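Listed below, chain by chain, are the residues.
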Amino acid sequence: MNELDALYRELILDHSKHPQHFGLADEDAEPGHSGTSHQKNPVCGDEITLRARVDGETIADVTWEGRGCSISQASASMLADLVAEEGLSRAEAVTLIEGFREALRSRGKLELDEEVYGDAAALSGVSKFSARVKCAMLAWVALEDAIAKA
Ligand code: ZN
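Description of the structure in this document. (Residues numbered from 1 in each chain as written. Predicted model: local features only at pLDDT ≥ 70, side-chain atom pairs only at ≥ 80, totals over all residues. Heavy atoms only, no water.)

1. Brief notes about the nonpolar core
Most often, soluble globular proteins keep nonpolar side chains buried together rather than apart.
Then, in step 1: Of all hydrophobic cores here, the largest spans 43 residues; its most connected members are Leu50, Tyr117, Trp140 and Leu143.
Then, in step 2: Those elements giving two or more residues to this core turn out to be helix H1 (3–17), strand S2 (46–55), strand S3 (58–67), helix H2 (70–86), helix H3 (90–104) and helix H5 (130–149).
Then, in step 3: The element contributing the most residues to this core is H5, with eleven residues. (Core = buried A, V, L, I, M, F, W, Y, C linked by side-chain atoms within 4.5 Å. Buried < 20%, exposed > 50% of the residue type's maximum accessible area, 1.4 Å probe, protein only. Helix = DSSP H or I, 4+ residues; strand = E, 2+ residues; numbered from the N terminus.)

As structure tokens, this is what we get:
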């Protein structure tokens, strides 16, 4: 294992042990519209419930709950962190999700840019393991669905 792989593994473990933005926010506590999505990955037993609050065109807040493998939980934590830091618009979030999906389906050919994806860039390596791609994608599919409902 090279140094970068070791660092990435560390980040994934860290997020799965200390999940960020965990616990669903009250739907009516803040202005805007909330959308909630529940996603399951039966192959691995992962579950994610994610809530996105959209205020105007901006995604103001992403909170989530879930259980399952460390990749699925770390991915949700990294995604929620990323959205919180960037204050993304709906359109930007959709572009980000599409780029993530493309990289994860590339079988190791595409790397996620750390400048764009933050800690979630650590999930690039998952694309070499097709059985785990769904684990990493789960929260991102949930966000896509939650935004559409908000
Ligand atoms: Zn999993």
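2. What to know about the packing of H3 against H5
Then, in step 1: Interaxial distance between H3 and H5 falls to 10 Å at its minimum, and their mutual angle equals 160°. Between H3 and H5, the crossing angle belongs to the class labelled roughly antiparallel. The hand of the H3/H5 crossing is left-handed. Mapping the contact onto sequence places Arg90, Ala93, Leu96, Ile97, Phe100, Arg101 and Leu104 in H3 and Val133, Ala136, Met137, Trp140, Val141, Leu143, Glu144 and Ile147 in H5.
Then, in step 2: Here the residues of the contact of H3 with H5 sort into twelve nonpolar, no polar and three charged. (Axes fitted to C-alpha atoms, helices over the stretch in contact; angles between N-to-C directions. Parallel < 35°, antiparallel > 145°, perpendicular 65-115°, else oblique. Left-handed = near helix turned anticlockwise from the far one by under 90°. Contact = heavy atoms within 4.5 Å. Nonpolar A, V, L, I, M, F, W, Y, C, P; charged D, E, K, R; others polar.)

3. Regarding the packing of H2 against H5
Then, in step 1: Packing of H2 against H5 leaves a shortest axis separation of 8 Å and a crossing angle of 35°. The handedness of the crossing between H2 and H5 is right-handed. Mapping the contact onto sequence places Ile71, Ser72, Ser75, Ala76, Leu79, Leu82 and Val83 in H2 and Arg132, Cys135, Ala136, Ala139, Trp140 and Leu143 in H5.
Then, in step 2: Along the lines of polarity and charge, the residues of the contact of H2 with H5 split into ten nonpolar, two polar and one charged.

Purely geometric stuff here, so don't read any function into it on its own.
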